[in-house]
Amino acid sequence: MKFDAEEFKANLTARLRRQYGKDFSQATKHDLFDAVSASALEIIMPNWMETRREYEAKETRQLYYLSAEFLMGRALSNNLINSGIMEGVKGVLKELNVNIDMIEDEEPDAGLGNGGLGRLAACFLDSLATLEYPGHGYGIRYEYGMFEQHIIDGQQVEFPDNWLKHRDPWEVKRSDLSVTVRFGGDIKYGKTPDGQDRFYIENAEEIIATPYDMPVVGFGCNTVNTLRLWQASSPNGFDLQLFNDSQYQRAVERQNNAENISRVLYPNDNGPMGKELRLRQQYFFTSASLQDLIRQFVIQHGTDFSQFPKYHVIQLNDTHPVVAIPELMRILIDEYNVGWDNAWSVVQKTFAYTNHTILAEALEKWPIEIFQRLLPRVYQIVEEINRRFVIELRQKFPEDYYNQNHMAIIHDGKVYMAWLAIHSCFSVNGVAELHTKILKEQELKNWAVIYPEKFNNKTNGVTQRRWLLCSNPELAEFITKRIGHGWEKDLSLLKGLEKFADDDATLEELISIKHHNKERLAEYLKHAQNEFLDPDSIFDTQVKRLHEYKRQLLNVLHIMYLYNKIVEDPTYNPPARTFIFGAKAASGYRRAKAIIKLINSVADRVNNDRRVGGKLRVVFVENYRVSVAEKIIPASDVSEQISTAGYEASGTSNMKFMMNGALTLGTLDGANIEIVEEAGQENAFIFGLTSDEIIKINEEHSYNPQKYLDRSPALAKVVRQLVDGTYDSTGHLFEEIHNSLVYGVEGQRADIYYILADFDAYVKAQEKVAAAYADKKGWARKALLNIANSGKFSSDRTIEDYVRDIWKLQKVNIK
Ligand SMILES: *Cc1c(COP(=O)(O)O)cnc(C)c1O
C-alpha cells in the first residue's frame, strides 16, 4: 500500500487533536496507539472498499467462516506488517521520538476465544486474505472476552476482560446493516397477506443484531477481507412505556437481557456448555449472519435460491454454529416460501462442518426443553429433519436398534448438534491425520459407514506472518538473509535452510537469536511479575489451556521428581532448566484450578530452596494469551506437547514452537505425529503410549495404575508428596488430584489420562533432552531442521487444502 510520511503525520496530528484535544507533547502512549491505529486504518480503507466492490462485481463464490470464537490478539503490528507500511510508520514515529514497541503494548488483545479453536479461525482469516481468496469471518462481538487471569496466593482468580473500555480503533460499526433476531413466541399457521399458507411466529422476543466490521489485511497483496462481529441490543433501547408506568427496574432489565446475549465469552475450552444463554448466543450470531447473506443474495441474484450454493459456502467451526442449518431451512421455507426438498438441497450444498474434538463432554447436545422454548419453529424443523433421517436409518441399519436410536439427531431428550451437522453437511473434517482416523474408525464409525464420501482430513496450520514475521523479527531476518523473501507467502521455501545445517556460522547465529529472545522474555517477566529467569538455562515450555488431557500434571510430577533428585544427591548436576507454564482453567473446572495451584506451590518451594542453586526454576506466566504467546514461543527451547495419545485433536502451539526452533517433547498425538514426520524422529523427543495402545487398554479394561506405583519408588514418592504436606501444609489442597490418580474419584476410574503409565517414559525423554542440550551445536542443528521442515504447518497450506477439496474458491486479484 502507498505510504506518504507527511500525510501520515498530518493525519496523526489531526486525530490527536480531534479525539483527545492534544498535541504530540501531551499525548499518552495510549492516545498514540489509538491515533496511529486510526491513521493506519485510513490507509487500509481504500483497499477494503475496493475488495468489497470487486467481490460484488465479480459475483464470485465466497466463503463464510462461522465461528463463536475468533482469538485475534492484537491488530496493530500485524496490520502494519501485512499492509507493508510498518517501516514507513516506524520512520514517522522515530522522528517524533516514539518507539513502536511502546505503543504496541497499549493495545488490549481481542481475546474473543478460548484457545486453539478460536486462534485457528484467526490464522485462517489471515491466510485467506493473503492468498487472495474471498473468505470472511462471522462471529460475536463479546463485550468481555476471555477473562483476565490473576494468580493470587497461587490460585487462579478471574477478572473481567473489559477490552472495549477504550474504543477499538480497528472496528467499524455498521448500524445500517442491523437485523432482527427472534426468540421464543408462539408458532402459528395461516394465510399471509399474499395468500400463502405458512408458519409464522407471534409474540417473539426481538433482539437487534448490529454488525461491527474489522479489516483482515492480506500480506503482500491488496486484499482486505472482513471479520463481521454481531452485537446484541434491545430494539426499543430503554423501554419508555415501562418507565412511565413506574417500572424503571423492568425497563432496565429488558434492555440488559437483550444486551446480555453478546456480553461475555463462555470460558469453557473442550468442556460442557449446557447453558441456555450459550444457545441464545449461537442462534443470535448464526441467524444474523444468514440474514445478512440472504439480504445480499436477494439484492444481487433475486430469489432463485437454487443459485445460493453457487455463491456461498459456509464452514461451521465445530458444533457452535450448527443451529445455522435449521435456521437456513426456516428462512427459505417461512420467509421465501421455498419447498422443503428445495430448501434441503440448498442446505446440503452450502454447509461444511469441522470437528475439533472427541472428548465426550465437549460434544454439544441441548435439552429439548431449552431448545424448543427458545427456538420453537427452528426446533420443529430439526424434528422434521430428524423424522426423515430416522426413516433412512431404519433402512440402513434394519436390525440395529442401537444405531437407529443412538444416531438419531433427537434422542434421550436432547438435540445432538454434531449428528445434525454430519447428517446435513456435504463435508465433515477432522483437524489432523490421527484425529480424522479416530473419527472414522472409532467415534463416528457408523457415520463413516453411511456417509463415507463426507469424511476428510484438513491438518491445522498457523500463519507465519504472526508467528514468525511479527513475533520473531530476528529469526525472520535470519531466514531472509539465507533464502531471500518469499517464505512469508510460501512457507515450504524454508526447506532451503536445510543446506545450512552444518554451517557453523549459521548455527552460532541461531543460538544467539534464541538467546536474545530468552533475554527479552526474561526482561518482560521481570517487569510483569517480578520473576527472574536465567537465559542460559533450558526454557522448557508448556503453554495452552489447562485441561487434564493435556497433562500439565505429568509435567509437574516430573519437576517434583527432579527436585527430589537434586535435593537427595548434591552431586547430581543436570543442565539448568526453567520450566515455563501458561494456562487458563475454565472458571468452573475445579481440578484444573487445583493443578494451577500445584504448579505455583511447586514453583514456590523449588524457587526458594537454596539447595537447588539455579539448577531448576518454575515460572507460571499469568494471563496467558496471544500477545504473551508471541513473547514466550520465540524464547523457548523445548515445546511440551504431552497430551494422552488420541485426545488432542491437532494442537497448533506445537506448530508455532516448531517454526520458532523449539524441539518437540511429545506424545504421538494430534499433529505431533506429522511434525515428527516432517522434522525427523532424531530432531524431536517422542515418548509414551500410542493411541492404539490406549484404545486397546481402554477396550480391555486392563489398566492398573497401581502397578506403576509399585514398580517405581521415585514415582510413588512424588505422588505421595501431593498429600504428605510437602507442597501444602494442610495436606488437603491436592488430595483430589492425588485420589484421581491413585483411586479414581466421582465414578471415574483411576488415572484416566495415563499419567502414571507414561511417567517413566517421560522422565527418560527428559533425560535425553538434557543430554542433547549439553551439545549446543547439535541442539541448534536440530532446531534449524525443525524450522526448515515446518512449511507444512502454515495455515496457507491448510487453506489451500480446504479450497481444493471443500470450498472451491477462485482467487480474486484486487487492484
Ligand atoms: C495457539 C494458541 C493456543 C492453542 O494451543 P494448543 O497448545 O495447541 O492447545 C491457545 N491459546 C493461545 C493464546 C494460542 O496462541
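Keep in mind that what you see is a predicted model, and the values were worked out from it rather than measured. All chains use their own residue numbering, which begins from 1 and follows the written sequence. At least 70 in pLDDT is required for a residue's local features to be given in this predicted model, at least 80 for side-chain atom pairs to be given and counted, and no such filter applies to totals for whole chains, interfaces and linings, which use all residues. As a convention, hydrogens and water are excluded, and side-chain values are obtained from all of the structure's heavy atoms.

Student: Is there a simple way to think about the UniProt feature "modified residue: N6-(pyridoxal phosphate)lysine" (unreviewed entry) in the chain in this case?
Tutor: UniProt positions are given in the numbering used here, feature names are shortened, and annotations may be inferred rather than shown by experiment. UniProt's feature table lists "modified residue: N6-(pyridoxal phosphate)lysine" (unreviewed entry) at Lys656, given in the numbering used throughout. Only runs of H or I of at least four residues qualify as helices and only runs of E of at least two qualify as strands under DSSP, and these elements are numbered from the N terminus. Mapped onto the secondary structure, Lys656 falls in helix 25 (residues 653-659). Buried means the residue's accessible area, taken with a 1.4 Å probe over protein chains only, is under 20% of the maximum for its type, while exposed means over 50%, and partly exposed covers the values in between. Residue classification places Lys656 among the buried residues on the basis of a relative accessible area of 7%. Residue contacts are defined here by distance: any two heavy atoms, one from each residue, within 4.5 Å place the two residues in contact. Beyond its immediate stretch of four places on either side in the chain, Lys656 contacts Arg119, Val462, Trp467 and Ile633.

Student: I'm lost on the layout of surface pockets in this one. Help?
Tutor: Empty pockets left among the atoms are what a rolling probe the size of a water molecule brings to light. We place a 1 Å grid over just the protein atoms. Points where a 1.4 Å probe fits but has no way out form a cavity, open points with protein on both sides within 12 Å along at least 5 of 7 lines form a pocket, and any residue with an atom within 4 Å of a point lines it. Grid points are joined across faces, edges and corners, and a volume is the space filled by probe spheres set on the points. Of the volumes computed, that of the largest pocket is approximately 1400 Å³. What lines the largest pocket is a set of 41 residues, and nearest its centre among them are Asp101, Glu104, Cys470, Ser471 and Pro473. Where the lining of the largest pocket is concerned, the elements lending two or more residues are helix 3 (76-82), helix 4 (86-95), helix 5 (100-104), helix 19 (464-470), helix 20 (473-483), helix 21 (504-529) and helix 24 (626-632). Note that Gly is not counted as nonpolar here; it falls among the polar residues with everything else outside the nonpolar set of Ala, Val, Leu, Ile, Met, Phe, Trp, Tyr, Cys and Pro and the charged set of Asp, Glu, Lys and Arg. Across the lining of the largest pocket, the residue classes break down as 14 nonpolar, twelve polar and 15 charged.

Student: How should I be thinking about the site of the ligand in this particular structure?
Tutor: Neighbouring the ligand are 13 residues, the closest being Lys544, Lys550, Thr652, Ser653 and Lys656. Counted as a polar contact is a pair of N or O atoms within 3.5 Å, where, for protein atoms, one must be capable of donating a hydrogen and the other of accepting one, and residues adjacent in sequence contribute only when both atoms are in side chains. In the environment of the ligand, an oxygen atom lies 2.8 Å from a nitrogen or oxygen atom belonging to the side chain of Lys550. One nitrogen or oxygen atom from the side chain of Ser653 is found 2.6 Å from an oxygen atom belonging to the ligand. Computed with a 1.4 Å probe, the accessible areas rest on the Shrake-Rupley method; for each residue, only the protein chains presented here act as cover. Starting from 390 Å² of accessible surface for the ligand in isolation, the protein chains cover 96%. Looking at side-chain class alone, the shell around the ligand contains four nonpolar, five polar and four charged residues. Whether a residue is near a molecule or strand depends on its heavy atoms: if one lies within 4 Å, it is near.

Student: What is the right way to read the sheet that holds strand 17 (residues 414-416) from this model?
Tutor: Paired through backbone hydrogen bonds, the strands of a sheet run either parallel or antiparallel to each other. Two strands qualify as a pair provided that DSSP identifies no fewer than 2 bridges between them. Read across the sheet, three strands follow the order 15-17-16 without closing on themselves; strand pairing throughout is antiparallel. Only two strands of the sheet have a single neighbouring strand rather than two, namely strand 15 (365-367) and strand 16 (410-411). Bridge analysis of strand 15 against strand 17 gives three bridges, and the strand direction is antiparallel. Bridge assignment links Pro367 to a residue of strand 17, and that residue is Lys414. To get an axis, a line is fitted to the C-alpha atoms, and for a helix only the part in contact is used. The angle between two axes follows their N-to-C directions and goes from 0 to 180 degrees. Sitting on the sheet, helix 16 (residues 417-424) touches strand 15, strand 16 and strand 17, and the angle it makes with strand 17 is about 40°.

Student: Just to check I follow, could you spell out the packing of aromatic side chains for this structure?
Tutor: Working definition: an aromatic ring pair is given by the centre-to-centre distance plus the angle between the planes. Working definition: a ring pair exists when centres of Phe, Tyr or Trp rings (six-membered ring for Trp) sit within 6.5 Å. Plane angles under 30 degrees give stacked, over 60 give edge-to-face, the rest tilted. Scanning the entire structure with this criterion turns up 24 aromatic pairs. Their ring planes at 20° and their centres at 5.5 Å tell us that Phe389 and Trp447 sit as a pair that is stacked. Taken together, the residues Phe389 in helix 14 (residues 376-396) and Trp447 in helix 18 (residues 445-450) connect sequence positions 58 residues apart. Of the two residues examined, Phe389 and Trp447, each falls in the buried class. Summarising the aromatic geometry, the rings of Tyr773 and Trp779 are spaced 5.0 Å apart at their centres and angled 75° between planes, so their arrangement reads as edge-to-face. A connected cluster of aromatic rings, assembled from ring pairs, spans Phe297, Phe305, Phe308, Tyr311 and Tyr336. Consider the ring centre and the ring normal. A charge sits over the ring if Lys NZ or Arg CZ is within 6 Å of that centre and within 35 degrees of that normal. Seen from the ring of Phe478, Arg482 lies directly overhead, with NZ or CZ sitting 4.1 Å from the centre. Over the ring of Trp467 we find Lys656, and its NZ or CZ is 4.4 Å from the ring centre.

Student: Explain the packing of helix 22 (residues 552-568) against helix 23 (residues 590-607) here, please?
Tutor: Two measures define how a pair of helices packs: the angle their axes make with one another and the distance between the axes. One way to put it is that helix 22 packs onto helix 23 with a least axis distance of 10 Å and a crossing angle of 20°. Considering the angle they form, helix 22 stands roughly parallel to helix 23. With respect to the hand of their crossing, helix 22 and helix 23 are arranged in left-handed fashion. From helix 22, Gln552, Leu553, Val556, Ile559, Met560 and Tyr563 reach across to helix 23, where they touch Ile595, Leu598, Ile599, Val602, Arg605 and Val606. Looking at the contact of helix 22 with helix 23 residue by residue, the class counts come to ten nonpolar, one polar and one charged. An angle below 35 degrees is treated as roughly parallel, one above 145 as roughly antiparallel, one from 65 to 115 as roughly perpendicular, and anything else as oblique. Should the near helix be turned anticlockwise from the far one by less than a right angle, the crossing is left-handed, and should it be turned clockwise, the crossing is right-handed.

Student: Is there a simple way to think about the environment of Ala35 in this case?
Tutor: Relative to the assigned elements, Ala35 resides in helix 2 (residues 29-58). Here Ala35 falls in the buried class, since its relative accessible area comes to 1%. Between the alpha carbons of Ala35 and Thr436 there is a distance of 46 Å; along the sequence they are 401 residues apart. Among residues more than four places away in sequence, those in contact with Ala35 are Leu12, Arg15 and Leu16.

Student: Help me understand the pairing of strand 9 (residues 186-191), please; the structure alone is not making it clear to me.
Tutor: Side-chain positions along a regular strand alternate between the two faces of the sheet. Here strand 9 runs beside strand 10 (residues 197-202); their pairing, made up of six bridges, is antiparallel. Counted as the bridge partner of Lys188 is Tyr200 from strand 10. Taking the residues between adjacent antiparallel strands as the criterion, strand 9 and strand 10 are bridged by five residues, where Gly195 takes a positive phi near 85°.

Student: Please clarify how a nonpolar patch on the surface should be interpreted in this entry.
Tutor: On the surface, Leu240, Phe243 and Tyr248 cluster together to form a nonpolar patch covering roughly 320 Å² of accessible area. Along the chain, Tyr248 turns up in helix 8 (residues 248-260). When its relative accessible area of 46% is taken as the criterion, Tyr248 is described as partly exposed. Grouping into patches uses exposed residues only, defined as over 30% relative accessible area, and leaves out salt-bridged ones; the cut-off is 9 Å for like charges and 5 Å for nonpolar side chains (Val, Leu, Ile, Met, Phe, Trp, Tyr). Salt bridges, as used here, are contacts in which a Lys or Arg side-chain nitrogen is within 4 Å of a carboxyl oxygen on Asp or Glu.

Student: Just to check I follow, could you spell out a positive patch on the surface for this structure?
Tutor: Lys and Arg are tallied as positive, Asp and Glu as negative. Neither His nor the chain termini are counted. Lysine's charge is taken at NZ, arginine's at CZ, aspartate's at CG and glutamate's at CD. On the surface, a cluster of positive charge is contributed by Lys707, Arg711, Lys764 and Lys768. Broken down by secondary-structure element, the contributors of at least two residues to the positive patch are helix 28 (705-711) and helix 31 (755-774). Given the relative accessible area of 56%, Lys768 is considered exposed.

Student: Honestly, the sheet that holds strand 20 (residues 538-543) in this entry has me stumped. Any pointers?
Tutor: Strand order in this open sheet of six strands is 22-21-20-23-24-25, and the pairing throughout is parallel. Of all strands in the sheet, those bounded by a partner on one side alone are strand 22 (616-621) and strand 25 (685-686). Where strand 21 (residues 577-582) lies against strand 22, six bridges are found, and the strand directions are parallel. Across the sheet, the residue bridging to Phe581 is Phe620, located in strand 22. Of the strands in this sheet, strand 20, strand 21, strand 22 and strand 23 (638-641) touch helix 22, which is tilted by about 155° from strand 21.

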